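Geometric and topological summary
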Amino acid sequence: MNASDPAQTSTASPAGRQAATLELRDVVKLYPGQEEPAVDHLSLEVPAGEICVLVGPSGCGKTTAMRMVNRMVEITDGDILVGGQSVTDRTPYELRREIGYVIQQVGLFPHLTIADNIATVPKLLGWDRDRIAARVEELLQLVQLDPEQTRDRYPAQLSGGQRQRIGVARALATDPPLMLMDEPFGAIDPINRERLQNEFLRLQVELRKTIVFVTHDIDEAIKMGDRIAILKQGGRLAQYAEPAELLMNPADEFVKDFVGNDRALKRLALQRVRDIDLWQAPMVRKGETTASVRQKLEKADVKIPLLVDEDGCPIGWLSDRAYAGEEVKADLRSRAEPTVEMDDILRDALADLLGSELQYGVVVDEQGRATGVLSIELVGQGVHGVAPARTGADALAT
Amino acid sequence: MAENGFCPEWIVQNWDRYVDPFFQHVLLTVVSVVIGFAIAAVMAVVAHRRRRLNGPLVGLTEVLYTIPSPAAFLLLLPFTGFGTVSALIALTAYSLNAMLRSMVTGLAGVPEDIKDSARGMGLTERQLLWKVELPLALPEIFAGLRIASVTTVGLATLAFLAGAGGLGESIESQISFKSNVVVAGGLCVLLAVALDSLIRTLQKASTPWTRARLT
Ligand SMILES: Nc1ncnc2c1ncn2[C@@H]1O[C@H](COP(=O)(O)OP(=O)(O)OP(=O)(O)O)[C@@H](O)[C@H]1O
Ligand SMILES: [Mg+2]
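The structure presented is a predicted model; accordingly, all values stated were derived computationally and were not measured.

Remarks on the sheet that holds strand E15 (residues 339-341) of chain A
All names here are of chain A. An order of E15-E16-E17 is seen for the 3 strands of this open sheet, with the pairing classed as mixed. Every interior strand has two partners, whereas the edge strands, E15 and strand E17 (370-375), have only one. Each strand axis lies, on average, 40° off the axis of its neighbour in the sheet, ignoring direction. Pairing geometry for strand E16 (residues 360-364) and E17, over 5 bridges, is antiparallel. In the sheet register, Tyr-360 faces E17, and the bridge partner there is Ser-375. Contacting E15, E16 and E17, helix H15 (residues 346-354) crosses the sheet at an angle of about 75° to E17.

Examining the interface of chain B and chain A
Counting residues at the interface gives 23 residues for chain B and 26 residues for chain A. Where chain B abuts chain A, roughly 2,000 Å² becomes buried across the two surfaces, and 66% of that area is made up of carbon and sulfur atoms. Sorting the residues of chain B by area buried against chain A places Asp116(B), Met121(B) and Trp209(B) first, and these three jointly supply 28% of that buried surface. At the surface where chain B touches chain A, the tally comes to 1 salt bridge.

Observations regarding the domain arrangement of chain A
Each assigned domain of chain A is listed here: domain 1 (6-98 + 176-270) and domain 2 (273-397). Using only C-alpha atoms to locate each centre, domain 1 of chain A and domain 2 of chain A end up separated by 39 Å.

Digging into the site of ligand 1
Residue and element names in this part refer to chain A. Near ligand 1, the surroundings consist of Tyr-31, Gln-34, Ala-38, Ser-58, Gly-59, Cys-60, Gly-61, Lys-62, Thr-63, Thr-64 and Glu-183. Ser-58 places a polar side-chain atom, nitrogen or oxygen, 2.6 Å from an oxygen atom of ligand 1. Here an oxygen atom of ligand 1 and a backbone polar atom of Gly-61 are 3.0 Å apart. Coverage of ligand 1 by the protein amounts to 58% of the 640 Å² it exposes when considered alone. Classifying every residue of the shell around ligand 1 by side-chain character gives 3 nonpolar, 6 polar and 2 charged.

How each quantity is defined
- Residues numbered from 1 in each chain as written.
- Chains lettered and ligands numbered in written order.
- Predicted model: local features only at pLDDT ≥ 70, side-chain atom pairs only at ≥ 80, totals over all residues.
- Heavy atoms only, no water.
- Pairing = 2+ DSSP bridges.
- Helix = DSSP H or I, 4+ residues; strand = E, 2+ residues; numbered from the N terminus.
- Axes fitted to C-alpha atoms, helices over the stretch in contact; angles between N-to-C directions.
- Contact = heavy atoms within 4.5 Å.
- Buried area = accessible area lost by both parts, 1.4 Å probe.
- Salt bridge = Lys/Arg side-chain N within 4 Å of Asp/Glu carboxyl O.
- Domains from an automatic or database assignment.
- Near = heavy atom within 4 Å.
- Polar contact = N/O pair within 3.5 Å; in protein donor to acceptor, adjacent residues only side chain to side chain.
- Areas by Shrake-Rupley, 256 points an atom, 1.4 Å probe, with all protein chains shown as cover.
- Nonpolar A, V, L, I, M, F, W, Y, C, P; charged D, E, K, R; others polar.

Encoded structure:
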């Protein structure tokens, strides 16, 4: 996850365009007629293929900082490099055609069909018809819309969430090495926003674009960002760090306040069950000898045997009576509920555990087989212990 | 002839005398609206690019619009003489206001976020105008065109004052004869309605997206 990692800098998206590094060097923006700069000596480096979230209170200069990258706002002082080249070396039109651009209101063209909307930049670049048609098809599938049904519609005939997907597809049309997204999910209701965020992170696993993502929502920043830049009023950088670092070591009072008092709880969203060193319970099958159960009990972390079926799927926790005789009987003290999945974030897993009697959750793999046990104690250790290995899109990659 | 001066038989017999004036009327209307449209379009684009010129340009067409029409025809006579040219100039000048206003309103009404996303994707200002702003202003532009056409049909009835003929001359020639007034006046109304529905059809064909709804 850093610039020196060769696997990162050479990551190419499926279509072959490499993601670009982005560097802001002491960038200043002073709007004409204003006394204070909107962005003040901002320096950031975003490694290729990572999502950098700009977050901060309203009016702190997030949008301004983002828009200087594609010269929608002219830089007053300092420089911005995309893939090592200064943006001021290019004409704004050429530069913008190489940078994906998504805004909160989406800004689809109401008089063009969805296909023509997506084809905007390819047409500007003079692609031929067949290539455009093929690309439109591919992009619609990528954002999980049915090409047949969607292609010839007008934007007014889509829901807000669908329009947002088209906005993303349109920005991806020429497979740009860099994307700018200004509160792209800000106008979407919370349930659909979460879905779009997850979908986008999954896409990003494949695409590996360098992305500047603006939001004022710290939870969204933590979820989406490989790195987060927190800006203060006047466009000054308060802290630039990975989400876990930000939550564990806020640089100052401002960051502490902005992140909120529930920093520990927020860290739960950064880790997944698979990141935790799980406990092992003695797994026993019906008809197993009691001697073997006692032997397993001695080595196990959890001192209650877990009954599993032939496939290894959990059935329930055994009562003491179940292994009092010669062979194990299916006498349960409780069913194996809840079960927790390896990909669940700790926040969701904890919510499940708190609702259960034993406060143990059986962790299952994709096939539903028991692989370990998660306890509230383990969640607690996870939060206080080591920094999570993976965040953002990486966490969904596995 | 009926008591009230309205006589269907007379109309049938004298139909021929209306053919030429009618086509003169069509010519006067269509030519002046087309020229007016072109001039208004240029003015609108200039006003759109240079916001400071917006007020003066719209103001100019307003002044032209407020000159009483008979006066306009007569004022032009010393310069362009008696005939069609004078009439066309006056009618064109009158048509400008409605069309320029609608074009300016239409262009100004294009939502900022749409323009922002267009610029952000790398459209030049010219591409923005042709591919985004003008198409989106079409409903307003067509509305102005319809008003201008219908108004011009009416104003062209005074073109005979400049010696350009038209249905106004037919009305004027026998103004107390009801059959005549009904036929000539009726043709004017018919022309206005025909032009209006023609433009409406064009509008429908060129702006299918305005009827798109979430299904
Ligand atoms: N075109 C402009 N001219 C003058 N001042 C501007 C302009 N655009 C933004 N500003 C000012 O610059 C500052 C930063 O604005 P910016 O839009 O970048 O903030 P933001 O962090 O994106 O805010 P929000 O979360 O509300 O979108 C604000 O004080 C704003 O009023
Ligand atoms: Mg903003």
